[in-house]
Amino acid sequence: MKKVLVAIMAMFCSMSSFAQYSSGGFSLDEENIYWGVRFGMTAASLSGDLDASSKVGMTLAGVVGLRPSDNTPVFIESGLYYTERGGKNGTYDVVKRAPEGSVTRVGYNILEIPLTIKYGLKVSDQIAVLPFFGPYFSYAISGKTKQTVKGTTESESVGTFDEKKACHGGLNRASMGLKLGVGAEYNKIYLELGYQFGITNIAKEENFSGRSNAFFANIGVNL
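Below or above, wherever it landed, is the structure these notes cover. (Residues numbered from 1 in each chain as written. Predicted model: local features only at pLDDT ≥ 70, side-chain atom pairs only at ≥ 80, totals over all residues. Heavy atoms only, no water.)

### With respect to empty space enclosed by the protein
Leftover empty space is mapped by rolling, across the atoms, a probe with the size of a water molecule.
Here is step 1: In this structure the tally under the stated criterion is three cavities of 30 Å³ or more.
Here is step 2: When its volume is computed, the largest cavity comes out at roughly 60 Å³.
Here is step 3: Around the largest cavity, the lining residues are R85, Y108, I110, Y136, S138, A140, N172, R173, S175, I202 and S212.
Here is step 4: Contributing elements (two or more residues each) for the lining of the largest cavity: β4 (104-119) and β6 (127-148).
Here is step 5: Ranked by the residues each element gives to the lining of the largest cavity, the list is headed by β6, at three residues.
Here is step 6: The space that makes up the second largest cavity amounts to roughly 50 Å³.
Here is step 7: Taken together, V63, E77, S78, Y81, P114, T116, K118, F132, K179 and E192 make up the full set of residues lining the second largest cavity. (1 Å grid on protein atoms, 1.4 Å probe; cavity = no way out; pocket = protein on both sides within 12 Å on 5 of 7 lines; lining within 4 Å. Points joined across faces, edges and corners; volume = space filled by probe spheres on them. Helix = DSSP H or I, 4+ residues; strand = E, 2+ residues; numbered from the N terminus.)

### Regarding the packing of aromatic side chains
Here is step 1: Using the criterion set out here, one finds four aromatic pairs in the structure.
Here is step 2: Plain terms: the ring middles of Y34 and F75 are 6.2 Å apart, the flat faces sit at 70 degrees to each other, and that makes the pair edge-to-face. With a gap of 41 residues between them, Y34 in strand β1 (residues 32-48) and F75 in strand β3 (residues 74-90) connect regions that are remote in the sequence. For the pair Y34 and F75, a shared accessibility class is recorded, and that class is buried.
Here is step 3: For the ring pair Y108 and F161, a centre distance of 6.4 Å and an interplane angle of 70 degrees mean the geometry is edge-to-face. Of the two residues, Y108 sits in strand β4 while F161 sits in the loop between β7 (155-159) and β8 (174-186), which places them 53 residues apart along the sequence. Across the pair, F161 and Y108 agree in class, each one buried.
Here is step 4: If you follow R173 out to its NZ or CZ, it ends over the ring of F161, 4.1 Å from the centre.
Here is step 5: Above the plane of the ring of F216 lies K179, whose end atom (NZ or CZ) is 5.0 Å from the centre. (Phe/Tyr/Trp six-rings, centres within 6.5 Å; stacked < 30°, edge-to-face > 60°. Buried < 20%, exposed > 50% of the residue type's maximum accessible area, 1.4 Å probe, protein only. Lys NZ or Arg CZ within 6 Å of the ring centre and 35° of its normal.)

### Some words on the pattern of salt bridges
Here is step 1: Summed over the entire model, instances satisfying the criterion amount to five salt bridges.
Here is step 2: For E77, the salt bridge goes to K118, with nearest N and O atoms at 3.0 Å. On the criterion of sequence distance, the pair formed by E77 in strand β3 and K118 in strand β4 is long-range, its members being 41 residues apart.
Here is step 3: Residue E77 is classed as buried on the basis of its relative accessible area, which comes to 4%.
Here is step 4: One salt bridge connects K179 with E112, and the closest N-O pair in it is separated by 3.8 Å. Here the residue K179 occupies a position in strand β8, and E112 occupies one in strand β4, the gap between them amounting to 67 residues. As far as burial versus exposure is concerned, K179 and E112 are alike and both buried.
Here is step 5: Through salt bridges with shared partners, a single ionic network connects R38, E77 and K118. (Salt bridge = Lys/Arg side-chain N within 4 Å of Asp/Glu carboxyl O.)

### Regarding unusual backbone geometry
Here is step 1: Although it is not a glycine, N187 sits at a positive phi angle of roughly 60 degrees.
Here is step 2: Along the chain, N187 turns up in the loop between β8 and β9 (189-198).
Here is step 3: The phi dihedral of N207 is positive, around 60 degrees, even though this residue is not glycine.
Here is step 4: Mapped onto the elements of the fold, N207 is located in the loop between β9 and β10 (210-222).

Below, the structure is given as structure tokens:
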């Protein structure tokens, strides 16, 4: 299968053509499609009234990318990601189900579809660097929250999306945000680092705000 990760240095906007460059498979002189897999970690947190520090989770994904034009090294990438999100050591007193100062661990798992735009930059004959940005859309498929039982020192586990039992008032399953970062490829091996900013309010409780954010680091291959 033809290699698929490409990068060429665009020096001036007026350049009319690019020399061919090949890393793991990108080819800048023709349109092409590539496939890839990703494995990595997230350090997710909650901001706003839902204030909780970072919780480490796992990421698994399959991706597909397209270079729509042979004139510029621009790639459009999407895929399906399974990601663990949430936060820990949060303090909530929203629906009065936990006393102020309770330590809460919020966890949930999402399916995510990003739509990122990547720009290929040539570093050497074998290394490509690809900064990227774009929106993502996600839906939570499961989740548990660990919280202190009101008036005691005991803890309980409840559904993260249960507005009647969760001390944070429950979370919405659907959300969206902005993803940005930079990837690098050597041969077919791909590495990326980035950050995801939550845009939509995931808190169910009225007049209460919450955003899901996450630092991510992934490794994978492109074919």
